[in-house]
Amino acid sequence: MKNIAVLFENDQCMVLNKPAGLAVQGGEGVGSSLDSLLSAEYSPRPLLVHRLDKDTSGVILVAKTKEAAALFSGIFARSAPGAVQKQYLAICSGCPEPPSGTIETDLEIRGTTRKARTTYLSSARHLFTGGEFSQLELELGTGRMHQIRRHLASIGHPILGDDKYGDFPLNKRLRKERGLKRLLLHAGRLVIPEGLCGFTLDVSAPLPEYFGAFLEGSSPA
């Protein structure tokens, strides 16, 4: 846990800054996971109530008791306006048009088609040799598996460094030319209103250093 910052803590939960490359939950082929690290560090073990992709960094909440886990699991299951806010930052290929909007393409999850909604805003454009990229601010309206990655790929603007839904030749070139080694997607902020959990939760996680390192040498478009 020495490389995992605690961003917030009270008697109900902890909010952590998960590093990219760390799986949230163990399974076949998974060595270390956040769940196993929590089990080794704390007794009783904090409980998972939502997920981040292994390659996504940033804010993740774990509950300290079974009662709190039930409460927060219910909160994260809601998708209505005014519920939990999950805000992300990403760098994607190209420049989405319009520069802000909502993607509502249904996604197939384990054989079932589910509604999905992602809102995006292009906050900056950057020029590189042979390419143009955008910094995006995103908010999830639903919490489907790989939702942001799949939605951005569906409109032709995949996240840089995405080895599942991305532009593979571009990723290979950027790895060679700019040292791109990570998915450029970060869970930057989590907000839960007081009325849902008894206190106001508003926690942000700083961008990993590799975001800034990737942007060095670019110029605003």
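Going by the structure above, here's the rest.
Okay, so let's go over this structure. (Residues numbered from 1 in each chain as written. Predicted model: local features only at pLDDT ≥ 70, side-chain atom pairs only at ≥ 80, totals over all residues. Heavy atoms only, no water.)

**Considerations on the side chain of Asp-35**
In step 1: Counting through the fold element by element, Asp-35 comes out in helix H1 (residues 34-41).
In step 2: The exposure class assigned to Asp-35 is buried, which follows from its relative accessible area of 15%.
In step 3: Dropping the residues within four chain positions of it, Asp-35 is found in contact with Val-24, Gln-25, Arg-45, Pro-46 and Leu-48. (Helix = DSSP H or I, 4+ residues; strand = E, 2+ residues; numbered from the N terminus. Buried < 20%, exposed > 50% of the residue type's maximum accessible area, 1.4 Å probe, protein only. Contact = heavy atoms within 4.5 Å.)

**What to know about the side chain of Thr-142**
In step 1: Tracing the chain through its elements places Thr-142 in the loop between strand S10 (131-140) and helix H3 (147-154).
In step 2: Relative accessible area serves as the criterion here: at 9%, Thr-142 is assigned to the buried category.
In step 3: Polar contacts involving the side chain of Thr-142 include one to the main-chain amide nitrogen of Arg-117, which spans 3.0 Å.
In step 4: Within polar-contact distance, the side chain of Thr-142 engages the side chain of Gln-147 at 2.7 Å. (Polar contact = N/O pair within 3.5 Å; in protein donor to acceptor, adjacent residues only side chain to side chain.)

**Some remarks on the pattern of salt bridges**
In step 1: Evaluated as defined, the whole model comprises 9 salt bridges.
In step 2: For Arg-173, the salt bridge identified is with Glu-177, shortest N-O distance 3.2 Å. Residue Arg-173 and its partner Glu-177 are both found in helix H4 (residues 168-178); the two are separated by 4 residues, about one turn of the helix.
In step 3: On the basis of relative accessible area, Arg-173 is assigned to the partly exposed category, the value being 27%.
In step 4: When salt bridges that share partners are traced, they join Asp-53, Arg-149, Asp-162 and Asp-163 into one network. (Salt bridge = Lys/Arg side-chain N within 4 Å of Asp/Glu carboxyl O.)

**Quick notes on the packing of aromatic side chains**
In step 1: If you walk through the whole model with that rule in mind, you get 5 aromatic pairs.
In step 2: Ring plane angle 20 degrees and centroid distance 5.9 Å describe the contact between Phe-8 and Phe-199, whose orientation is recorded as stacked. Of this pair, Phe-8 sits in strand S1 (residues 5-9) while Phe-199 sits in the loop between helix H5 (194-197) and strand S12 (201-204), placing them 191 residues apart in sequence.
In step 3: Overall, the relative accessible area of 24% leaves Phe-8 in the partly exposed class.
In step 4: Note on Phe-133 and Phe-214: the rings are 6.3 Å apart at their centroids and 70 degrees apart in plane angle, and the pair reads as edge-to-face. (Phe/Tyr/Trp six-rings, centres within 6.5 Å; stacked < 30°, edge-to-face > 60°.)

**Let's talk about H3**
In step 1: Across the 8 residues of H3, 6 count as buried, placing the element largely inside the fold.
In step 2: Within H3, burial applies to Gln-147, Ile-148, Arg-149, Arg-150, His-151 and Leu-152.
In step 3: Residues of H3 that are buried sit in contact with strand S5 (85-93), strand S6 (100-103), strand S7 (107-109), strand S9 (118-128), S10 and strand S11 (185-192).
In step 4: Taken from the residues just after H3, Gly-156 is the one with a positive phi, measuring 85 degrees.

**Considering the environment of Leu-48**
In step 1: Turning to its location among the elements, Leu-48 is positioned in strand S3 (residues 47-48).
In step 2: Assessed through its relative accessible area of 15%, Leu-48 is described here as buried.
In step 3: Among all residues touching Leu-48, those that are not within four sequence positions of it are Val-24, Gln-25, Leu-34, Asp-35 and Val-62.

**Focus: empty space enclosed by the protein**
In step 1: Scanning the model with the defined rule gives 1 cavity of 30 Å³ or more in all.
In step 2: Here the largest cavity defines a volume of roughly 50 Å³.
In step 3: Considering the residues around the largest cavity, the lining is formed by His-50, Leu-52, Val-59, Lys-86, Gln-87, Tyr-88, Ala-187, Arg-189 and Leu-190.
In step 4: Put simply, the parts of the chain that give the lining of the largest cavity at least two residues each are S5 and S11.
In step 5: Taken together, the residues of the lining of the largest cavity sort by class into 5 nonpolar, 2 polar and 2 charged. (1 Å grid on protein atoms, 1.4 Å probe; cavity = no way out; pocket = protein on both sides within 12 Å on 5 of 7 lines; lining within 4 Å. Points joined across faces, edges and corners; volume = space filled by probe spheres on them. Nonpolar A, V, L, I, M, F, W, Y, C, P; charged D, E, K, R; others polar.)

**What about the pairing of S10?**
In step 1: When S5 meets S10, the two strands line up antiparallel, connected through 7 bridges. Residue Ala-90 lies in a different strand from S10, and its bridge partner there is Leu-136.
In step 2: In the sheet, S9 pairs with S10 via 10 bridges, with the strands oriented antiparallel. Looking at S10, one finds that Thr-118 is bridged to Leu-140.
In step 3: From the end of S9 to the start of S10, which pair antiparallel, there are 2 residues, and Gly-130 there has a positive phi angle of about 80 degrees. (Pairing = 2+ DSSP bridges.)

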